[in-house]
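Residues per chain, in single letters:
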Amino acid sequence: MLDELLRRMSNHIPASLEADRRFPEAAVLLPITRSEEPELVLTLRAQGLSTHGGEVAFPGGRRDPEDPDLIFTALREAQEEIGLPPGLVEVIGPLSPLISLHGLKVTPFVGLIPDYVEYHANDAEIAAVFTVPLEFFRQDPRDHTHRIDYQGRSWYVPSYRYGEYKIWGLSAIMIVELVNLLFDAGISLHKPPERFIQN
């Protein structure tokens, strides 16, 4: 599966985003374990944070002025948040950038990591680090769907339930792009699913 991901990522052209340059930039890392059944690494953000507190997210954050590029930002934040050493990450490419509710232009980067990493959550920011098999998302096992009207069109964003965790919003949009790329899953963000529940 990972060989196929590498091949497909090398040919993947992320959607461009004609965003106003005034949007501050941010980057997140989608870490995938190098294992027979690859898993995505996600975090549960600490409750007290000013943005996205108590939500599931990929490790990442705002670009610092001294960051040479957004890949550096994603790797730096992953190290700060979950103790993932940058040297263990093989970045294989970007997914499409998105604008967050808080006005950040967020660029996701897919990276391969060993499956033996011991994570050290930064308690001030991260309440938990957990993994979800990529295969889990392949069948689009959505709990329900959020309709978001944005930039003149409707987005139908899945919300997934994995154990005690709810995966939705920007993280779910990134996951949809990833599983569509890897599995030809054909999950549409712009057409309501058959069992659409409007929120």
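Residues numbered from 1 in each chain as written. Predicted model: local features only at pLDDT ≥ 70, side-chain atom pairs only at ≥ 80, totals over all residues. Heavy atoms only, no water.

The protein chain has the name CoA pyrophosphatase in an unreviewed UniProt entry, where Pseudomonas urmiensis is given as its organism.

Chemist: When you look at the layout of surface pockets in this model, what are you seeing that I'm missing?
Modeler: The probe, sized like a water molecule, is rolled over the atoms to show the empty space still left. Computed from the structure, the largest pocket encloses a volume of approximately 1400 Å³. Every residue lining the largest pocket is counted, 49 residues in all, and those nearest its centre are I99, S100, V106, L170 and M174. If one sorts the elements of the lining of the largest pocket by residue count, helix 4 (residues 169–183) sits on top with 8 residues. Taken together, the residues of the lining of the largest pocket break down into 25 nonpolar, 15 polar and 9 charged. Estimates place the volume of the second largest pocket at around 180 Å³. Lining the second largest pocket we find 13 residues, and of these D140, R142, G186, I187 and S188 sit closest to its centre. (1 Å grid on protein atoms, 1.4 Å probe; cavity = no way out; pocket = protein on both sides within 12 Å on 5 of 7 lines; lining within 4 Å. Points joined across faces, edges and corners; volume = space filled by probe spheres on them. Helix = DSSP H or I, 4+ residues; strand = E, 2+ residues; numbered from the N terminus. Nonpolar A, V, L, I, M, F, W, Y, C, P; charged D, E, K, R; others polar.)

Chemist: How should I be thinking about the packing of aromatic side chains in this particular structure?
Modeler: In this description, a pair of aromatic rings is defined by centroid distance and the angle of the planes. Per the counting criterion, the structure on display carries 4 aromatic pairs. Taking 5.1 Å as the distance between ring centres and 80° as the angle between the ring planes, the aromatic pair formed by F136 and F137 counts as edge-to-face. Where F137 meets Y160, the ring centres are 5.1 Å apart and the plane angle is 70°; that geometry is what we call edge-to-face. With a gap of 23 residues between them, F137 in helix 3 (residues 134–138) and Y160 in strand 10 (residues 153–162) connect regions that are remote in the sequence. Y160 matches F137 in its accessibility class, with the two residues each being buried. An aromatic cluster is present here, built from F136, F137, Y160 and Y162 joined pairwise through their rings. Lying over the aromatic face of W168, K166 brings its terminal NZ or CZ to 5.0 Å of the ring centre. (Phe/Tyr/Trp six-rings, centres within 6.5 Å; stacked < 30°, edge-to-face > 60°. Buried < 20%, exposed > 50% of the residue type's maximum accessible area, 1.4 Å probe, protein only. Lys NZ or Arg CZ within 6 Å of the ring centre and 35° of its normal.)

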